[in-house]
Amino acid sequence: MRDFELLQPKNLADALDALAQNNASVHPLAGGTDMLVDIRAQRAQPDVLVALQNVNELRGVTRTNGHLRVGASTTIAEFLKNPLLTEHDALRQAASVFANPLIRNSATIAGNIGSASPAGDMLPPLLAFDAQIELVSKNGTRTMPLNEFFLGPRKTARNANELISNLQLPISNLQTASAFYKLGLRQADAISLVSVAVWLQRDSDMIRDVRIALGAVAPRPMRATRAEEILHGQIFNETNVKEAARVASEECAPIDDLRASANYRRRMVNVYVRRMLEQAWRNF
Amino acid sequence: MIRLDQPNLANLPELRHIGKPLPRIDAMGKVTGATKYAGDYVMPNMLHAKVLRSKYPSAKILRIDVSKARGFPGIVAVLTADDLPGARVTTDIPGVTDTAKRAGTDAPILAKDRVRFMGEAIAIVAAEELAIAERASDLIEVDYEPYPAVFTPAEAMQPGAPIVTEPDNIVARWRIVKGDADAAMKNADVIVEGTYKTQFIDHAYLEPEAGIAWVDENGVLTIRVSTQVVEHFRSIAAALQLPQNKVHVMGALVGGGFGGKEDITVELFIGLAALKTRRPVKMIYTREESLLAHCKRHPFTITHKTGVTRSGRIVAAQVNMLADSGAYVYLSPYVLLYAASSAVGPYRVNNVTVNACAVATNNTFTSAFRGFGAAQACVAYEQQMDEIARELDMDPRQVRRINYAQAGDTTPNGQAFRGAVWLEECAQRAWDALGEETKANAPHMKIGRGLASYMQSYGRITWFHDTSQAWVGLEMDGSIVIRCGVPDIGGGQMNTLAQITAEVLGVPMERITVYGTDSALTPLAGTTTATRQMYMSGNATYQAALAVRKTLAERASQHLECELDEIDFADNTVFVKNDASQNMPLTQLIAICAAEGLPRANLSLFKAPFTDKLDPDNAQGDIWPDYTFGAQAVKVAVDTETGEVRVLKSAACHDVGRALNPAAVAGQIEGGAAQGLGYALMEDVQIVNGVTLTPSFAEYLIPTASDIPETKTIILESGTGLGPFGAKGIGEPALTPMAPAIANAVADAIGARVTQLPLTPERVLEAIDKIETRFS
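Since the model is a prediction, treat every value here as computed from it, not as a measurement.

1. What about the overall build of chain B?
- Looking only at helices and strands, one finds 19 helices and 31 strands in chain B.
- Expected size for 776 residues packed as a compact globule is a radius of gyration near 28 Å; at 27 Å, chain B falls within 12% of this value.
- For chain B, the C-alpha atoms occupy an extent of roughly 90 × 75 × 55 Å along the three principal directions.
- Summarising the internal contacts of chain B: among those between residues at least 6 apart in sequence, 80% fall at separations of at least 24.
- Each charge class in chain B can be summarised by its mean position, and for the 71 positive and 88 negative side chains these summaries are 1 Å apart.

Take a look at the structure:
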């Protein structure tokens, strides 16, 4: 394993100073559950790691003005404990099948986002909740839709001098429901073959608004926007749901790998988009 | 755990320690973390060693340049094939009295001019620090030239195929002929054919391969290693050209073996480095190294052709088996024999032909794995039994009942089952334990139930002339020492010896200390393989303890003035059976014996039955001392839209002869069922064109606690085993029936069969698609 320097800043300003060298081999370190494995396997070779566990500014979950603000250092385990988080079904369900309890205690939401694996378990539900991501650097902050943050496998819009500071989820509990499923080759500690998150807003029999997000079936976690369009403003019925599921399976772009074929993944998108829409609707 | 005594069937006497679920002597250390494993040992002045491994599955080595490594600060030694004395390690079974080695079964310790699989060892680097040793691959230059390769047994058997093992890639063949299967097949009403495939899997023990070697003050090469076989000291001596008494192998408690530590692992690498540097050298495989470069379970393709009558009676069977032995032979010939001999399972089949072949390829080498070929055979024969039932439109359990072997029936080799054969009893109880049939809770879900019966030998091949020795002695304070070279791989091997001795000498377990797993200081007890230690070393210990008891009892009968057979031992006391008021403390008796020079210790050798080798024409003859029988039943839920399988219930019933420690037996059964679940549903070392695509536990999946249902364990005790107190082995048998039981349950659920393990969701869905195509 290659040597690296470990910095442990005590506050955000020091952390941003450390990153300000704007050097690609300086990297933030959150829970370390991806980064340390990658370093050992020589997939990552940082010279400097900036550990964030002492940076209090990155912690905390608050709810204000219809937004849920989730600090970058929020651990996955907190999504199973904090009532502000657990009331959102898709997030809670994703957290409950995220790796294993040990990893969940260490891994953070920003780490999962920053790693930008197409199969990252928390990413489809965050996309389904239309999360905005806030990035901070010495030069200031900027906010963008999370959907625009992922550029490709392990590639993001984060500049080397930036940190993910928090996520903002527009929350309206008025007639909304969500659902998530992860298909893996075992019940825990598995990499997704396919994951599906949906978010629905209902207006009597109608779907007022809908978001469908898919994991592990494209170079990055993706919104199935064509499928969403089929449902938007339409009646929730079997025909519409089936058609949306079919279209979602067409607009994803999975690959063959050692875990499953692209064809199988496509088919599972079809099955699970349908099932998650039905499940979310049942939750109203 | 349910334990059923069968007073009508076996009249076993009530004992004081045997048959009790006593806490194991090794439990506290493991629970508290105090137990030292081989990799935990450190020594002053110790070096760390790493192996440089081949990057290609098949290549010529044109040049190895170690000059950069040799001059690198902190690197103390670099060894290549040029530095080795013998340069080859025998892969034959240690302790075999037949000295004629099979030709061509040796493997190089370090590759010289050719590598035959990806991960083959090329050089050893010993350094002051592990991080420096890990730089070996940066510092040693190897020039390769790709060499033609073969990656499947079928390719390797083609005329003109590249040769991995001389002369023709055929590593072993067994042809078993009993009766006349061709002729009998003509009398069949129905002929059922099926082909079943199994995959490479990994032992995935908690503790990877590890050891530390040093040259002691007497010039003895001493190796502390995680191993199932301390008797590898002989092949280590041969490979290093040392006298056998100059190699000392000390084991440690092993963090899981499952056959993966049956062959030599790190011993020669660290032994060579210690001899070269004259300093202690330690090596621990990384998990990735263990997955890449140590042995795997043999993948098999097994084809059954079974002739049956309309009423369900099997009249003939023809079975073909093809196994992938990987790049080196190791134990393939024996794994293949286990498979071939159990090809038709525990059924009465009078006309059988088995043709089995193991073939070399440029894949990772394959060798021992819990079940040792007999497990792969069971995957096939138990699915075939269900297929026969389907063809005949009969209940699979009824087809089994009609065909189950009975005591006195014979294997395809003509070996008779001499003890109780409680197949039907085991199957019935396991099935009943699943409970009532249940209905799925959603239209896309299907529930299925499956059963598998099995037979699995315990004890080694009888022409290996297997023996074990144990020493039992009383100290002056009435405490006991047992010395027996048994490697304890977590199954409670040492505890078993303590429990037997406690029973015989009437001393509580906490007053007994067991020394094991040392090739020089404990009497040699053979390998912890082949489900043999309870049987072999248990009997050796039992004999030794009985001999001590006899001496003591004779002296006590004089002192207490009674007949010899009236003397009994319990609770550190010697007493007259029918009048316990006539007694003496054990320590008083020991003092008398000591004063009179009577022996208070005994070294005993237990000898398994010895037989001649098999008839070379038809492989007829005895192969093993005895068999364990049992059954596994499971209930599964299958999602017919996705192919996902969940095991809802698991129940296993085994006749273990006598459960010396029922808690330990239940532990084996639960663990075996869990490992079998992994084999059935997810474990798969994917080796494609010689490259392992599952190099870590992120890709190679074993079941988690969330995947494993409770296994209801039902322990039957026929009392007819060859072990002490009528016990039979359970280590390997516990795994064998699980995978086919799950395959049968999935087939029951969906009405179609996935004939290739593991039953991934995608394969299950393909099978469902085929039915739907058939009907549409």
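2. Digging into the domain arrangement of chain B
Residues and elements named next belong to chain B.
- Annotation of chain B at the domain level lists domain 1 (416-460 + 623-776) and domain 2 (467-607).
- The gap between the C-alpha centroids of domain 1 and domain 2 is 38 Å.
- On the domain 1 side of the contact with domain 2, Arg460, Pro724 and Phe725 bury the most area, a combined 37% of that side's loss.
- If you look at where domain 1 meets domain 2, you find five residue pairs in polar contact (both at pLDDT 80 or more).
- The class makeup of the residues in the side of domain 1 that touches domain 2 is nine nonpolar, seven polar and three charged.

3. Overview of the domain arrangement of chain A
- Partitioning chain A into domains gives domain 1 (5-51), domain 2 (56-170) and domain 3 (176-282).
- Look at where the C-alpha atoms of domain 1 of chain A and domain 3 of chain A centre, and you get two points 35 Å apart.

4. So, empty space enclosed by the protein
Residue and element names in this part refer to chain B.
- Per the counting criterion, the structure on display carries five cavities of 30 Å³ or more.
- Volume-wise, the largest cavity comes out at about 320 Å³.
- The set of elements that each furnish at least two residues to the lining of the largest cavity consists of β6 (107-108) and α8 (267-277).
- In the lining of the largest cavity, the residues fall into 15 nonpolar, four polar and three charged.

5. A word on the environment of His203(B)
All names here are of chain B.
- Assignment of secondary structure puts histidine 203 in the loop between β11 (190-197) and β12 (210-215).
- Note on histidine 203: relative accessible area 2%, which makes it buried.
- Through-space distance from the C-alpha of histidine 203 to that of glycine 256 is 8.3 Å; in sequence the pair is 53 residues apart.
- Here histidine 203 is in contact with Gly257, Phe258, Gly259, Gly260, His294, Cys295, Ala368, Phe369 and Gln675, once residues within four sequence places are set aside.
- Here glycine 260 takes part through its backbone nitrogen, which lies 3.3 Å from a polar atom of the side chain of histidine 203.
- Engagement of the side chain of histidine 203 in a polar contact is seen with the backbone oxygen of alanine 368, the distance being 2.8 Å.

6. What about the packing of helix α11 (residues 374-392) of chain B against helix α12 (residues 396-403) of chain B?
Residues and elements named next belong to chain B.
- Look at α11 against α12: their axes get within 8 Å of each other, and the N-to-C directions meet at 110 degrees. Between α11 and α12, the crossing angle belongs to the class labelled roughly perpendicular. Residues Glu382, Met385, Asp386, Ile388 and Ala389 of α11 lie in contact with α12, whose contacting residues are Pro396, Val399, Arg400 and Asn403.
- Broken down by class, the residue content of the contact of α11 with α12 amounts to five nonpolar, one polar and three charged.

7. A short note on the interface of chain B and chain A
- Taken residue by residue, the interface counts 25 residues in chain B and 21 residues in chain A.
- Summing the contributions of chain B and of chain A, the shared interface buries around 1,900 Å²; its carbon and sulfur component is 48%.
- In this structure, the connection of chain B to chain A is made through five salt bridges.
- In this structure, Arg274(A) engages Glu641(B) in a salt bridge whose closest nitrogen and oxygen atoms are separated by 2.9 Å.
- At the boundary of chain B and chain A, one finds 14 residue pairs in polar contact (both at pLDDT 80 or more).
- When residues in the side of chain B that touches chain A are grouped by element, the largest group, four residues, is from helix α19 (residues 761-775) of chain B.
- Across the side of chain B that touches chain A, the residue classes tally to eight nonpolar, seven polar and ten charged.

8. Looking at the sheet that holds strand β26 (residues 601-607) of chain B
Residues and elements named next belong to chain B.
- The strand order β22-β21-β20-β26 describes an open sheet built from four strands, whose pairing is mixed. At either end of the open sheet lies a strand with only one pairing partner, and these are β22 (512-515) and β26. Taking each pair of neighbouring strands and ignoring which way they run, the sheet shows an average axis angle of 20 degrees.

9. A look at the nonpolar core
- Phe300(B), Met321(B), Leu336(B), Leu337(B), Ile388(B) and Ile461(B) are the most contacted members of the largest nonpolar core, which totals 91 residues.
- Ranked by the residues each element gives to this core, the list is headed by α11(B), at eight residues.
- Counting residues in each nonpolar core, the second largest holds 53 residues, with Val61(A), Val70(A), Ala95(A) and Ile109(A) among its members.

10. Focus on the packing of helix α10 (residues 238-251) of chain A against helix α11 (residues 262-282) of chain A
Residues and elements named next belong to chain A.
- Where α10 meets α11, the closest approach of the two axes is 8 Å, and the angle between their N-to-C directions is 145 degrees. With respect to the hand of their crossing, α10 and α11 are arranged in right-handed fashion. Contacts from Val241, Lys242, Ala244, Ala245, Arg246, Ala248, Ser249 and Glu250 in α10 reach Arg266, Val269, Asn270, Val273, Arg274 and Leu277 in α11.
- Counted by class, the contact of α10 with α11 contains seven nonpolar, two polar and five charged residues.

11. Remarks on the sheet that holds strand β11 (residues 176-183) of chain A
All names here are of chain A.
- Spatially, four strands are ordered β11-β12-β13-β14 in an open sheet, and the strand pairing comes out antiparallel. Sheet topology places β11 and β14 (222-223) at the edges, where each strand pairs with a single neighbour.
- Bridge analysis of strand β13 (residues 206-215) against β14 gives two bridges, and the strand direction is antiparallel. Among the inter-strand pairings, leucine 214 is bridged to a residue of β14, identified as methionine 222.
- Running at roughly 30 degrees to strand β12 (residues 194-203), α11 makes contact with β11, β12 and β13 of the sheet.

12. With respect to the pairing of strand β2 (residues 26-29) of chain A
All names here are of chain A.
- Pairing analysis gives four bridges linking β2 to strand β3 (residues 48-51), with the strands arranged parallel. Bridge pairing links valine 26 to valine 48 in β3.
- In the classification by handedness, the crossover that spans β2, the intervening helix α2 (residues 35-40) and the parallel β3 is right-handed.

13. Remarks on the packing of aromatic side chains
Residue and element names in this part refer to chain A.
- Scanning the entire structure with this criterion turns up 20 aromatic pairs over all chains.
- Look at phenylalanine 149 and phenylalanine 150: their rings are 5.7 Å apart centre to centre, the planes differ by 75 degrees, and that puts the pair in the edge-to-face class.
- Given the relative accessible area of 0%, phenylalanine 149 is considered buried.
- Where tryptophan 281 meets phenylalanine 284, the ring centres are 5.4 Å apart and the plane angle is 80 degrees; that geometry is what we call edge-to-face.
- Phenylalanine 284 gets classed as partly exposed once you look at its relative accessible area, which sits at 29%.

14. Looking at the pairing of strand β7 (residues 140-145) of chain A
- Of the pairings in the sheet, the one linking strand β6 (residues 132-137) of chain A to β7(A) comprises six bridges and is antiparallel in character. Residue pairing for β7(A): Leu135(A) is matched across the bridge by Arg142(A).

15. With respect to the confidence of the model for chain B
Residue and element names in this part refer to chain B.
- When pLDDT is averaged along chain B, the result is 95, and 96% of the positions lie at 70 or above.
- For the stretch residues 5-10, pLDDT sits under 50, and the model shows nine contacts to residues farther than four places along the chain or on other chains.
- Confidence over residues 95-101 falls short of pLDDT 50; this stretch has eleven contacts with residues more than four positions distant or in other chains.

16. What to know about the environment of Ala427(B)
- Relative to the helices and strands, Ala427(B) is located in helix α13 (residues 423-432).
- Sequence separation of Ala427(B) and Ser453(B) is 26 residues, and the distance between their C-alpha atoms is 6.7 Å.

17. Digging into helix α16 (residues 586-596) of chain B
Residues and elements named next belong to chain B.
- If you check which residues of α16 are buried, you get Leu586, Leu589, Ile590, Ile592 and Cys593. Relative to the axis of α16, the buried residues are bounded by an arc of 160 degrees and lie together on one face.
- Its buried side turned inward, α16 meets β20 (467-474), α14 (493-505), α15 (533-560), β23 (567-570), β24 (573-576) and β25 (579-585).
- Positive phi shows up at glycine 597, right after α16, with a value of about 75 degrees.

18. What to know about the environment of Ala594(B)
Residues and elements named next belong to chain B.
- As for its position among the elements, alanine 594 is in helix α16.
- Since its relative accessible area comes to 30%, alanine 594 is described here as partly exposed.
- When the C-alpha positions of alanine 594 and methionine 476 are compared, they lie 8.3 Å apart, and in sequence the two are 118 residues distant.
- The residues touching alanine 594, leaving out its near neighbours within four places in the chain, are Met476 and Arg600.

19. Brief notes about the pattern of salt bridges
- Under the defined criterion, the tally for this structure stands at 52 salt bridges over all chains.
- Put simply, Arg267(A) and Asp769(B) hold a salt bridge, and the shortest N to O gap is 2.6 Å. Placement of Arg267(A) in helix α11 and of Asp769(B) in helix α19 is noted, with the two residues assigned to different chains.
- Judged by its relative accessible area of 36%, Arg267(A) is partly exposed.
- The partly exposed category is assigned to Asp769(B), whose relative accessible area is 24%.
- Shared partners join several salt bridges into a network, and the residues in it are Arg63(B), Asp65(B), Lys68(B), Glu141(B) and Asp143(B).

What counts, and at which threshold
Every chain is numbered on its own, with residues counted from 1 as its sequence reads. Working convention: letters from A go to chains and numbers from 1 go to ligands, in the order in which they are written. Given that the model is predicted, a residue must reach a pLDDT of at least 70 before its local features are reported, and side-chain atom pairs must reach 80 or more before they are shown or counted; all residues, however, enter totals for whole chains, interfaces and linings. Only heavy atoms go into the side-chain values, all of them from the structure, while hydrogens and water stay out. Numbering of helices and strands starts at the N terminus; helices are DSSP runs of H or I of at least 4 residues and strands are runs of E of at least 2. Radius of gyration here uses only the C-alpha atoms, and the compact-globule reference equals 2.2 Å multiplied by the residue count raised to the power 0.38. In what follows, residue pairs with any heavy atoms lying within 4.5 Å of each other are defined as contacts. Charge assignment in this entry is limited to Lys and Arg as positive and Asp and Glu as negative, and neither His nor the chain termini are counted. For the purpose of locating charges, the reference atoms are NZ of Lys, CZ of Arg, CG of Asp and CD of Glu. Domain start and end points were adopted from an automatic or database domain assignment. Two parts placed together each lose some accessible area; with a 1.4 Å probe, that loss summed over both constitutes the buried area. A 3.5 Å cut-off defines polar contacts: any pair of N or O atoms within that distance qualifies, except that in protein one atom must be a possible hydrogen donor and the other a possible acceptor, and neighbouring residues in sequence count only when both atoms are side-chain atoms. Three residue categories are used. Nonpolar comprises Ala, Val, Leu, Ile, Met, Phe, Trp, Tyr, Cys and Pro, charged comprises Asp, Glu, Lys and Arg, and polar comprises the others, including Gly. Buriedness of a pocket was judged along seven lines, with at least five required to meet protein on both sides within 12 Å; pockets are open sets of points on a 1 Å grid over the protein atoms alone, cavities are sets where a 1.4 Å probe fits but cannot get out, and lining residues have an atom within 4 Å of a point. Grid points are joined across faces, edges and corners, and a volume is the space filled by probe spheres set on the points. Burial here depends on accessible area, computed with a 1.4 Å probe over protein chains only, as a share of the maximum for the residue type. Under 20% is buried, over 50% is exposed, and the range in between is partly exposed. Angles run from 0 to 180 degrees between N-to-C directions of axes, and those axes are lines fitted to C-alpha atoms, restricted for helices to the stretch in contact. Roughly parallel here means an angle under 35 degrees, roughly antiparallel means over 145, roughly perpendicular means 65 to 115, and every remaining angle is called oblique. Salt bridges, as used here, are contacts in which a Lys or Arg side-chain nitrogen is within 4 Å of a carboxyl oxygen on Asp or Glu. What makes two strands pair is DSSP finding at least two bridges between them. Side-chain atoms within 4.5 Å are what join buried Ala, Val, Leu, Ile, Met, Phe, Trp, Tyr and Cys residues into a set we call a nonpolar core. In this scheme, a crossing is called left-handed if the near helix is turned counterclockwise away from the far one by less than a right angle; it is called right-handed if the turn is clockwise. A right-handed crossover is one whose linking path, passing over the helix from the first strand to the second, runs clockwise when the strands point away from the viewer. A pair of Phe, Tyr and Trp rings is counted when the ring centres sit within 6.5 Å of each other, with Trp represented by its six-membered ring. The angle between the planes then sorts it: under 30 degrees is stacked, over 60 is edge-to-face, the rest tilted. Think of pLDDT as the predictor's per-residue confidence, scored from 0 to 100. Regarding the arc, it is the one traced by the directions from the helix axis to the C-beta atoms.

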